[in-house]
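# Analysis of the macromolecular model
Below are the chains, spelled out letter by letter.
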Amino acid sequence: MCKVCVVCIETMAARQTILNIQNLVNPSLLTVKRNYKRWLAPTLKELKRRKMKMGPEPPTRRSAFLEWNYHAELFAFGKRLGEEFRKDLLQRAFTHRSYIVQEEMRQKEVGIEDPKLSLEDNQEFIRRGETLMSEYLKCHLRVALPRFPEEGICAVHGYLMTDKTLAHVSRHLGTKDIILSSDFPVEEVTLATTLKALVGALAESSGAVRAREFVRDFILTQLAGRDINEFWEIKDPMRTLADILKRDGRGEPEPRLINESGRNTILATYQVAVYSDKQFIGLGYGESISIAVEMAAHDALKRLFHTTENMKPIPFTVDVRSMSYDESKWNTSVNDWSSAKVENVDC
Amino acid sequence: MVFTSLALFVRNRGPDEFWRKRKILKLSAHFYGRRRNCYSIAIRAVHRALVSATKGRKLKKEDMVALWETRITAGCEEHNMTYPLFREGLVRCNILLNRKTLADLAVWEPRTFKSLVKVAHARVSQDGLAGVTELGDPPSGIITRGMLK
Amino acid sequence: MTAYKRVQQWNTFARVWHLYDATWQNPFESAQRIMKYLKGLHKPIYHPLNDCGDHVVVINSGEIALLGDEWRKRVYFHHTGYPGGATWTLAWELHDKDPTMIMKKAVYNVMDGNLQRRYTMQRLHIYPDDDVPEKIKQNITNQIRQLRPVPKRLDRYAPEEVQRFPKVMDWPKNYILR
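Residues numbered from 1 in each chain as written. Chains lettered and ligands numbered in written order. Predicted model: local features only at pLDDT ≥ 70, side-chain atom pairs only at ≥ 80, totals over all residues. Heavy atoms only, no water.

All names here are of chain C. Here Gly81 lies in the loop between strand E3 (75–79) and strand E4 (86–90). For Gly81, a relative accessible area of 61% puts it in the exposed group. Separated by 71 residues in sequence, Gly81 and Trp10 place their C-alpha atoms 45 Å apart. (Helix = DSSP H or I, 4+ residues; strand = E, 2+ residues; numbered from the N terminus. Buried < 20%, exposed > 50% of the residue type's maximum accessible area, 1.4 Å probe, protein only.)

This is how it looks when you write it as structure tokens:
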């Protein structure tokens, strides 16, 4: 029994519908066939039974199926993104080193002594893409969040550059079927590196400006609707807050209990506010007093860094050309942060 | 020998019942016992389920409206206002927000809701409706620019 | 879920302990108010499936005031289930036996008769006087406003205040009051 593929089962049902359509279109035939034949259901059941008996089908590449036109897919991919890619660069961006190695091994097995493949791998593009992405993301975040400390910027940037995020973007752009690599199903690492290679290829084809716009539109937008404070974990918020206030010349932070409920129950809640020189600077709540104090310190820091829930959202329509890519212009580190340093910034 | 009349005994048995019954059994896949597998029992259960679904669509809307009204009432009471007066005040100010929006505001935008309550209170005090005196003094910070007419 | 979201949810759905002083209040009107807090109808996040009810501690339930003739005429019926097990108890008799029962029954009867009722009643704590256990006193963080204003009794005023108060008329010095 030949290996049953999904296509065979569907053609049978399709044949029935085609017959129906034909009869509808050509009413001159006396027999009007509107129903599925009696043999269709039992045949489908038998095919299903045999398929179950053979066990689960291993996943196959999309390129193994019919109607696979690699060049057409590449072209469509480029156009879908709305970018102008040079054909050979785009093809190179999807070709991984592992694939080339695999092809060479295959050719050697067949017997060809000196395998000469006209394919080039995408390692150079990956490197270029990674540096461009990294540099752009950091610049944009620094422009969008001028009061946020450098450690926070690095944390957000680190999250955006993880394999998981990049693989998520890559998969939904549709690179999964076009990638040429030895591993199947395609791994997260491969997807992530392919995206970096795409950025590199785009920089080569259309210029750095288009590549940066690509990074802004596809990778930075993963931050939409997310709280940027969740990426950066401040170990001891109270001590950090105390240091910052000291540098500002303000009083020490004083936590005070504002509200509590059900002190002796499991569902005890405490609301704590932090004051400095009798001025309110932050509010926090929690299951116990220590948690509430910590959250209050976090809240005070958020208010200082302007990253509260009602902050101005990170702009995604910034003109890429107007940003200066000065590597040395970092945000202040949290260990040197003080209000005086961010005074002239409007955010 | 050719039996010419044999062909006349071939009768069309009708369409395959499998597809007709499959439509019903798909709907009864999550029922209990024979009601999900046996057609004659499933058809009755599916009919009752579809009737309940039809009736339920109306009831769901009624339930949601009642829930929204409860939530808005709770929000009003927090700011020392009653729901009928609140509604009347907003309508008179031409703020025609529906109950769903008001309930969502009461939950997620408490300060906006408080300002709405204040506007309604000001309007209701201005018009002198019954029950205003129990609410206390009308709020002072309402900037009307002559729009609370 | 980030720590911030976690504590935000904890705070939103926290159970609050309310105090209600039932001195000289109508238990049936008070029961309407208390029921609202017990079910969570005072919260904009209310939903019957949400379990958003709060605790209410009622004190001085021995000092409640019933309307008019109610003390003498209101009857509480109870049947044990066995033959001859019917009892009709007047309000004042019930109050003598257990000063918290009238308040408890009032709240119980004003609730919807569904299966949540017994569960919600567990969150109601009634005490006949001011004496509340220390642990429960520490839980309480809100007071529900009384429905009827409680006037101050004449014998609670200081005698100097009573004498200082302007009088319209006064009995002659040698007049004997019966």
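With that out of the way, let us pick up the sheet that holds strand E2 (residues 269–276) of chain A. Residue and element names in this part refer to chain A. Taken in spatial order, the three strands make up an open sheet running E1-E2-E3, and their pairing is antiparallel. Strands at the two margins of the open sheet, each flanked by one partner only, are strand E1 (253–261) and strand E3 (279–286). The mean inter-strand angle of the sheet, taken between neighbouring strand axes irrespective of direction, is 25 degrees. The pairing of E2 with E3 spans seven bridges and is classified as antiparallel. Counterpart to Ser276 in the pairing with E3 is Gln279. (Pairing = 2+ DSSP bridges. Axes fitted to C-alpha atoms, helices over the stretch in contact; angles between N-to-C directions.)

What follows concerns the interface of chain A and chain C. Contact with chain A, which involves 19 residues of that partner, is made by 17 residues of chain C. Overall, the association of chain A and chain C removes approximately 1700 Å² of surface from exposure, summing both partners, and the carbon and sulfur fraction of that is 55%. The tally of links between chain A and chain C comes to two salt bridges. In this structure, C:Lys5 and A:Glu309 form a salt bridge, with 3.9 Å as the shortest nitrogen-oxygen distance. Here chain A and chain C share 10 residue pairs in polar contact (both at pLDDT 80 or more) between them. If you list the elements that add at least two residues to the side of chain A that touches chain C, you get E1, E2, E3 and helix H12 (289–305) of chain A. The leading source of residues in the side of chain A that touches chain C is H12(A), at three residues. Along the lines of polarity and charge, the residues of the side of chain A that touches chain C split into six nonpolar, seven polar and six charged. (Contact = heavy atoms within 4.5 Å. Buried area = accessible area lost by both parts, 1.4 Å probe. Salt bridge = Lys/Arg side-chain N within 4 Å of Asp/Glu carboxyl O. Polar contact = N/O pair within 3.5 Å; in protein donor to acceptor, adjacent residues only side chain to side chain. Nonpolar A, V, L, I, M, F, W, Y, C, P; charged D, E, K, R; others polar.)

Now for the interface of chain B and chain C. Many authors give the size of an interface as the accessible area that is lost as the parts come together. Between chain B and chain C, the contact holds nine residues from the first and nine residues from the second. In total, about 700 Å² of surface goes out of reach between chain B and chain C, with carbon and sulfur atoms giving 64% of it. Of all the secondary structure elements, the ones that give two or more residues to the side of chain B that touches chain C are helix H3 (39–78) and helix H5 (99–108) of chain B. With seven residues, the single largest contributor to the side of chain B that touches chain C is H3(B). Classifying every residue of the side of chain B that touches chain C gives four nonpolar, two polar and three charged.

It is worth stressing that arrangement in space is one thing and function is another; only the former is reported here.
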